[in-house]
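Listed below are the residues making up each chain.
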Amino acid sequence: MLKEWIAVVLGGVLGVSLRHLLASLFALIGSAWLPFATLAANVIGCFAIGILAQWSLQQETSKEWWVIGARVGLLGGLTTFSSFALDVAKLWNQDQRGFSVGLATGHVILGLIAVFAGLAWMRATNSQ
């Protein structure tokens, strides 16, 4: 259990560092490109978690500390979107397609509502 925690922490440091590097590289092009850095991080993370999930299942290593560190720490630090996408894909592949679509829709809609609510709340509290 301790190995898992250490792997997640170290993977997280690497993942968030990679995300920051990606954002910094896109910022060199111009600030208008920053949303594409997020998109790139999400797509790269999703692709990598797909590879890792399938490979670790084939190798029967999905519960190993280093796989957990890579999946939760590294890829979770790079983007939590990859974990969300894997959850949706697993449900889809388990023939729970309605739940899969509902979960994806819920993440997007509730996430956007939460962002807009947070923005509005901060605007309201800062204007007082």
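It should be noted that the structure appears before, not after, this text.
An account of the accompanying structure is given in this report. (Residues numbered from 1 in each chain as written. Predicted model: local features only at pLDDT ≥ 70, side-chain atom pairs only at ≥ 80, totals over all residues. Heavy atoms only, no water.)

1. Some points on the overall build of the chain
(1) Moving on: Summing up its helical and strand segments, the chain has five helices and zero strands in all.
(2) Moving on: Taken over the C-alpha atoms alone, the chain extends approximately 55 × 35 × 30 Å along its principal axes.
(3) Moving on: For the chain, buried positions account for 24% of its 128 residues.
(4) Moving on: Summed over its atoms, the accessible surface of the chain is roughly 8,800 Å², and 72% of this surface lies on carbon and sulfur atoms.
(5) Moving on: For the chain, the distance from the average site of its 7 positive side-chain charges to the average site of its 5 negative ones is 11 Å. (Helix = DSSP H or I, 4+ residues; strand = E, 2+ residues; numbered from the N terminus. Buried < 20%, exposed > 50% of the residue type's maximum accessible area, 1.4 Å probe, protein only. Areas by Shrake-Rupley, 256 points an atom, 1.4 Å probe, with all protein chains shown as cover. Lys, Arg positive; Asp, Glu negative; His and termini not counted. Charge placed at Lys NZ, Arg CZ, Asp CG, Glu CD.)

2. A few points about the environment of Phe36
(1) Moving on: In this structure, Phe36 sits in helix 2 (residues 34-58).
(2) Moving on: For Phe36, a relative accessible area of 43% gives the class partly exposed.
(3) Moving on: Sequence separation of Phe36 and Ala53 is 17 residues, and the distance between their C-alpha atoms is 25 Å.

3. Structural notes on the packing of helix 1 (residues 2-29) against helix 2
(1) Moving on: Relative to each other, helix 1 and helix 2 sit at 145 degrees, their axes nearing to 8 Å. Two packed elements cross with a definite hand, and for helix 1 against helix 2 that hand is right-handed. Side by side, helix 1 and helix 2 meet where Arg19, Leu22, Ala23, Phe26 and Ala27 of the first sit next to Leu34, Phe36, Ala37, Thr38, Ala40, Ala41 and Ile44 of the second.
(2) Moving on: Each residue belonging to the contact of helix 1 with helix 2 can be placed in one class, and the counts come to ten nonpolar, one polar and one charged. (Axes fitted to C-alpha atoms, helices over the stretch in contact; angles between N-to-C directions. Left-handed = near helix turned anticlockwise from the far one by under 90°. Contact = heavy atoms within 4.5 Å. Nonpolar A, V, L, I, M, F, W, Y, C, P; charged D, E, K, R; others polar.)

4. Description of the packing of helix 1 against helix 3 (residues 65-78)
(1) Moving on: The N-to-C vectors of helix 1 and helix 3 enclose an angle of 30 degrees; their axes lie 6 Å apart at closest approach. For the element pair helix 1 / helix 3, the angle class is roughly parallel. Of the two possible hands of crossing, helix 1 and helix 3 adopt the one that is right-handed. Seen from helix 1, the contacting residues are Lys3, Glu4, Ala7, Val8, Gly11, Gly12, Leu14, Gly15, Val16, Leu18 and Arg19; seen from helix 3, they are Trp65, Ile68, Gly69, Val72, Gly73, Leu74, Gly77 and Leu78. (Parallel < 35°, antiparallel > 145°, perpendicular 65-115°, else oblique.)

5. Focus on the pattern of salt bridges
(1) Moving on: All chains considered together, the criterion is met by one salt bridge.
(2) Moving on: For the salt bridge of Asp95 with Arg97, the shortest nitrogen-to-oxygen distance reads 3.1 Å.
(3) Moving on: Relative accessible area serves as the criterion here: at 59%, Asp95 is assigned to the exposed category. (Salt bridge = Lys/Arg side-chain N within 4 Å of Asp/Glu carboxyl O.)

6. Observations concerning the nonpolar core
(1) Moving on: Judged by nonpolar contacts, Leu22, Phe26, Ala37, Ala40, Ala41, Ile49, Leu52, Ala53, Val67, Leu75, Leu78 and Leu86 together constitute the single largest core of twelve residues.
(2) Moving on: With six residues, the top contributor of residues to this core is helix 2. (Core = buried A, V, L, I, M, F, W, Y, C linked by side-chain atoms within 4.5 Å.)

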